[in-house]
Amino acid sequence: MKLIKKILLALLIVFIVAQFFGPEKNQGDYASIESFIAETKPSPEVTEILKSSCFDCHSDVTRYPWYNNITPVNYWLADHIKHGKGHFDVSKWDSYSIKKKDHKLDELIEMVEEKEMPLNSYTWTHSEANLTDAQITSIIDWAKGVRATYVNQLSKD
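All values derive from a computational prediction rather than experimental measurement.

A. Representation of the packing of helix 2 (residues 31-40) against helix 8 (residues 133-156) in the model. Packing of helix 2 against helix 8 brings their axes to within 10 Å, and their N-to-C directions diverge by 80 degrees. Relative to helix 8, helix 2 is oriented roughly perpendicular. Note on element contacts: helix 8 touches helix 2 through Trp-142, Val-146 and Tyr-150, opposite Phe-36, Glu-39 and Thr-40. Residue classes in the contact of helix 2 with helix 8 are distributed as 4 nonpolar, 1 polar and 1 charged.

B. Here's a closer look at helix 3 (residues 44-53). Buried within helix 3 we find Val-46, Thr-47, Ile-49, Leu-50, Ser-52 and Ser-53. Looking at the buried side of helix 3, the elements it contacts are helix 2, helix 4 (55-58), helix 7 (120-123) and helix 8.

C. Just helix 8, in detail. Look at helix 8: 35 Å from first C-alpha to last across 24 residues, which is about the 34 Å you get at 1.5 Å a residue. Residues of helix 8 that are buried sit in contact with helix 2, helix 3 and helix 6 (98-113).

D. Here's a closer look at the packing of aromatic side chains. Under the defined criterion, the tally for this structure stands at 6 aromatic pairs. For the pair Phe-36 and Phe-88, a centre-to-centre distance of 6.3 Å together with 85 degrees between the ring planes defines the contact as edge-to-face. Of this pair, Phe-36 sits in helix 2 while Phe-88 is found in the loop between helix 5 (73-87) and helix 6, placing the two residues 52 residues apart along the sequence. For the ring pair Phe-88 and Trp-93, a centre distance of 5.8 Å and an interplane angle of 75 degrees mean the geometry is edge-to-face. Take Phe-88: its relative accessible area is 10%, and that puts it in the buried class. Its relative accessible area of 0% is what places Trp-93 among the buried residues.

Procedures and definitions
Along each chain, the written sequence defines residue order, and numbers are assigned to residues from 1. Reporting in this predicted model follows two pLDDT cut-offs: at least 70 for local features of residues, and 80 or more for side-chain atom pairs to be given and counted; totals over whole chains, interfaces and linings ignore these cut-offs and use all residues. Derived side-chain values reflect all non-hydrogen atoms in the structure, with water molecules and hydrogen atoms excluded from consideration. Angles shown run from 0 to 180 degrees and are taken between the N-to-C directions of axes, each axis being a line fitted to C-alpha atoms and, for helices, limited to the stretch in contact. Labels follow the DSSP assignment, with helices taken as runs of H or I lasting at least four residues and strands as runs of E lasting at least two, numbered in each case from the N terminus. Here is the rule for angles: anything less than 35 degrees is roughly parallel, anything more than 145 is roughly antiparallel, 65 through 115 is roughly perpendicular, and the remaining ranges are oblique. Contacts between residues were defined by any pair of non-hydrogen atoms, one from each residue, lying within 4.5 Å. Three classes are used: nonpolar for Ala, Val, Leu, Ile, Met, Phe, Trp, Tyr, Cys and Pro, charged for Asp, Glu, Lys and Arg, and polar for all others, with Gly counted as polar. The buried label goes to any residue with under 20% of its type's maximum accessible area, the exposed label to any with over 50%, and the partly exposed label to all in between, with areas taken from a 1.4 Å probe on protein chains only. Given the number of residues in a helix, its expected span is that number minus one, multiplied by 1.5 Å. Classification of ring pairs rests on two measures: the distance between centres of Phe, Tyr or Trp rings, Trp counted by its six-membered ring, which must be within 6.5 Å, and the angle between planes, read as stacked under 30 degrees, edge-to-face over 60 and tilted in between.

In structure tokens, the structure reads:
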């Protein structure tokens, strides 16, 4: 029994020490999102959906929940954000070519249509991010409209 107590005490000490360390936070400027909004012109409804369901993981601006202060949860969240931004990063929208922007919106449509986005692990703790069928339709219609302008631009080049 003494061995188990020693192991539990060691684990507790490691857990406490780990709380003093954590990954860098994704705390960019809202200005990084503004060019995406200006170019893609989402309706106010779609803008709110993007803010509540997408931007935390797909931009430089993340609203962190209280539990992000707990290690190892903060590393898990940082990894989700890193992967999310690797697939689709609205803060880097200006650096994407028209062809890449079109492709990213095509992927967005596919992921939202198949209800793969937002991730279940995100909506468990962010119930406001659960998309209704009407919201899904709004996002898809907006993205298809933006894609049409990109296809138009590509055909002129």
